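If you want the building blocks of each chain, they are given just below.
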Amino acid sequence: MLAEESSRAVVAYSDAGFPSADSAHPSPDQLQKLLPGAYLASAEQLQSHLDARATRLLVLSYGSAFPEEGWPSIYQFLQRGGNLLVLGGRPFTRAAYRDSAGWHLRDYSIRFTRLLGIDQFQVTPGSEGLEFQTNSDLVPPLSRFAWKRAFSPVIRLSAVDLYARGGSAGSIDARLDALAWGTRDGRKLAAPALQVDHLRNGFDGGRWIFLNAEVTPSSTPVRKRRT
């Protein structure tokens with residue numbers, strides 16, 4: 001049974017009583033419908049599943065919150081080029097730890113995000129009063145969804161300087177694309193869904209998709225299939 005479970009390409013973290021932060025989280029049933037065929041792994045099971053060669057995608061669905069005890073396995077998986085989908089919030093800014101009383105959230109911190117090349121997050125407007133616009137350069141497009149507020153990350157896309165001097169240009173190590181925007185009068189005021197493709201010099205080949213917004217479970221978007 002363990003070998004069969006470890007052969008799943010998609011692993012979604014799911015733990016009873018785990019707290020969400022900055023966004024609502026889908027129930028296990030909703031996760032299974034959203035990700036048919038995915039294995040729902042608890043904190044104790046994460047390492048074995050992320051170590052499995054068959055695992056291609058990790059899904060975190062608790063907004064900004066993630067299990068602190070699982071961080072070493074998550075980071076190693078991403079370093080190997082593993083793919084990531086985070087549903088809601090500001091990814092990896094609210095570590096959660098567990099004691100005899102249950103799960104607890106630590107204060108907002110960028111301690112973990114800096115290891116991923118993310119410096120900080122800026123709060124941007126919610127979808128009310130904005131026009132939803134998908135990125136026509138990327139297919140398939142996202143379906144329309146609503147959000148209460150979005151969080152735009154400051155991401156480092158270059159890990160290596162081209163010249164050994166301060167202020168030099170860097171190599172292009174990753175590509176950042178918005179999957180959708182919230183616009184008003186032609187101005188892009190929010191980007192509630194982002195895609196980061198890692199090319200070299202760290203996390204090579206990995207694709208990270210962030211639904212970096214505060215959403216409700218019913219408003220979680222999906223990518224439309226090509227026709």
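Up top you'll find the structure we're talking about.
Residues numbered from 1 in each chain as written. Predicted model: local features only at pLDDT ≥ 70, side-chain atom pairs only at ≥ 80, totals over all residues. Heavy atoms only, no water.

Asker: Sorry, what's going on with the packing of helix H3 (residues 43–51) against helix H4 (residues 71–79) here?
Answerer: When two helices pack together, their arrangement is captured by the angle between the axes and the distance separating the axes. H4 packs onto H3 with a crossing angle of 20° between their chain directions and a minimal axis gap of 9 Å. Regarding the angle of H3 to H4, the classification is roughly parallel. Of the two possible hands of crossing, H3 and H4 adopt the one that is left-handed. Each of Leu46, Gln47 and Leu50 in H3 lies in contact with H4, whose residues at this interface are Ser73, Ile74 and Phe77. Classifying every residue of the contact of H3 with H4 gives four nonpolar, two polar and no charged. (Axes fitted to C-alpha atoms, helices over the stretch in contact; angles between N-to-C directions. Helix = DSSP H or I, 4+ residues; strand = E, 2+ residues; numbered from the N terminus. Parallel < 35°, antiparallel > 145°, perpendicular 65-115°, else oblique. Left-handed = near helix turned anticlockwise from the far one by under 90°. Contact = heavy atoms within 4.5 Å. Nonpolar A, V, L, I, M, F, W, Y, C, P; charged D, E, K, R; others polar.)

Asker: Please clarify how the pairing of strand S3 (residues 57–60) should be interpreted in this entry.
Answerer: Here is the key point about a regular strand: its side chains alternate between the two faces of the sheet. Both strand S1 (residues 10–13) and S3 contribute to a ladder of three bridges, which runs parallel. By the bridge assignment, Val11 is partnered in S3 with Leu58. When S3 meets strand S5 (residues 83–87), the two strands line up parallel, connected through four bridges. In the strand pairing of S5, Leu57 is matched with Asn83. (Pairing = 2+ DSSP bridges.)

Asker: Would you take a moment to explain the environment of Gln122 for this structure?
Answerer: Within the fold, Gln122 resides in strand S8 (residues 118–124). Judged by relative accessible area, which is 40%, Gln122 ranks as partly exposed. For the pair Gln122 and Phe151, spaced 29 residues apart in the sequence, the C-alpha separation amounts to 5.4 Å. Ignoring anything within four residues of it in the chain, the contact list for Gln122 reads Ala150, Phe151 and Ser152. Among the polar contacts listed, one links the side chain of Gln122 to the side chain of Gln120, at a separation of 2.8 Å. (Buried < 20%, exposed > 50% of the residue type's maximum accessible area, 1.4 Å probe, protein only. Polar contact = N/O pair within 3.5 Å; in protein donor to acceptor, adjacent residues only side chain to side chain.)

Asker: Just checking my understanding: could you explain the nonpolar core for this structure?
Answerer: Considering soluble globular proteins, one finds that nonpolar side chains tend to be buried as a cluster. Judged by nonpolar contacts, the single largest core of 36 residues is most densely connected at Leu84 and Phe92. Counting residues per element, this core draws most heavily on H4, which supplies five residues. Excluding residues that lie within four positions of it along the chain, Leu84 makes contacts with Leu57, Leu58, Leu60, Leu78, Phe92, Arg207, Trp208, Ile209 and Phe210. Of all hydrophobic cores here, the second largest spans 22 residues; its members include Leu85, Phe132, Phe145 and Ala193. (Core = buried A, V, L, I, M, F, W, Y, C linked by side-chain atoms within 4.5 Å.)

Asker: Explain the pairing of strand S10 (residues 149–155) here, please?
Answerer: Where S8 lies against S10, six bridges are found, and the strand directions are antiparallel. Pairing of Ile118 across the sheet is with Ile155, part of S10. Here S10 runs beside strand S14 (residues 213–214); their pairing, made up of two bridges, is antiparallel. When the sheet's bridge partners are listed, Arg149 is paired in S14 with Glu214.

Asker: How should the packing of aromatic side chains be read in this particular structure?
Answerer: Two numbers describe a pair of aromatic rings. These are the distance of the centres and the angle of the planes. Scanning all chains against the criterion turns up 16 aromatic pairs. Seen from their ring centres, Trp71 and Phe92 are 5.5 Å apart, and the 70° between their planes marks the pair as edge-to-face. Placement of the pair is Trp71 in helix H4 and Phe92 in the loop between S5 and strand S6 (94–99), with a sequence separation of 21 residues. With respect to burial, Trp71 and Phe92 carry one shared label: buried. Positioned above the aromatic ring of Trp181 is the side chain of Lys188, whose terminal nitrogen or guanidinium carbon lies 3.7 Å from the ring centre. (Phe/Tyr/Trp six-rings, centres within 6.5 Å; stacked < 30°, edge-to-face > 60°. Lys NZ or Arg CZ within 6 Å of the ring centre and 35° of its normal.)

Asker: How should the sheet that holds S6 be read in this particular structure?
Answerer: Across a sheet, strands are paired by hydrogen bonds formed along the backbone, either parallel or antiparallel in direction. Strand order across the open sheet formed by three strands is S4-S6-S7, with mixed pairing between neighbours. Every other strand in the sheet has two partners, leaving strand S4 (65–67) and strand S7 (102–105) as the edge strands with one partner each. The average undirected angle you get between the axes of adjacent strands in this sheet is 35°. Where S6 lies against S7, four bridges are found, and the strand directions are antiparallel.

Asker: What's the story with the side chain of Ser73 in this structure? I'm lost.
Answerer: With respect to the helices, strands and loops of the structure, Ser73 is situated in helix H4. With a relative accessible area of 8%, Ser73 lands in the buried category. What Ser73 contacts, discounting residues up to four positions off in sequence, is Gln47 and Leu50.

Read these as layout, nothing more, since geometry by itself doesn't imply function.
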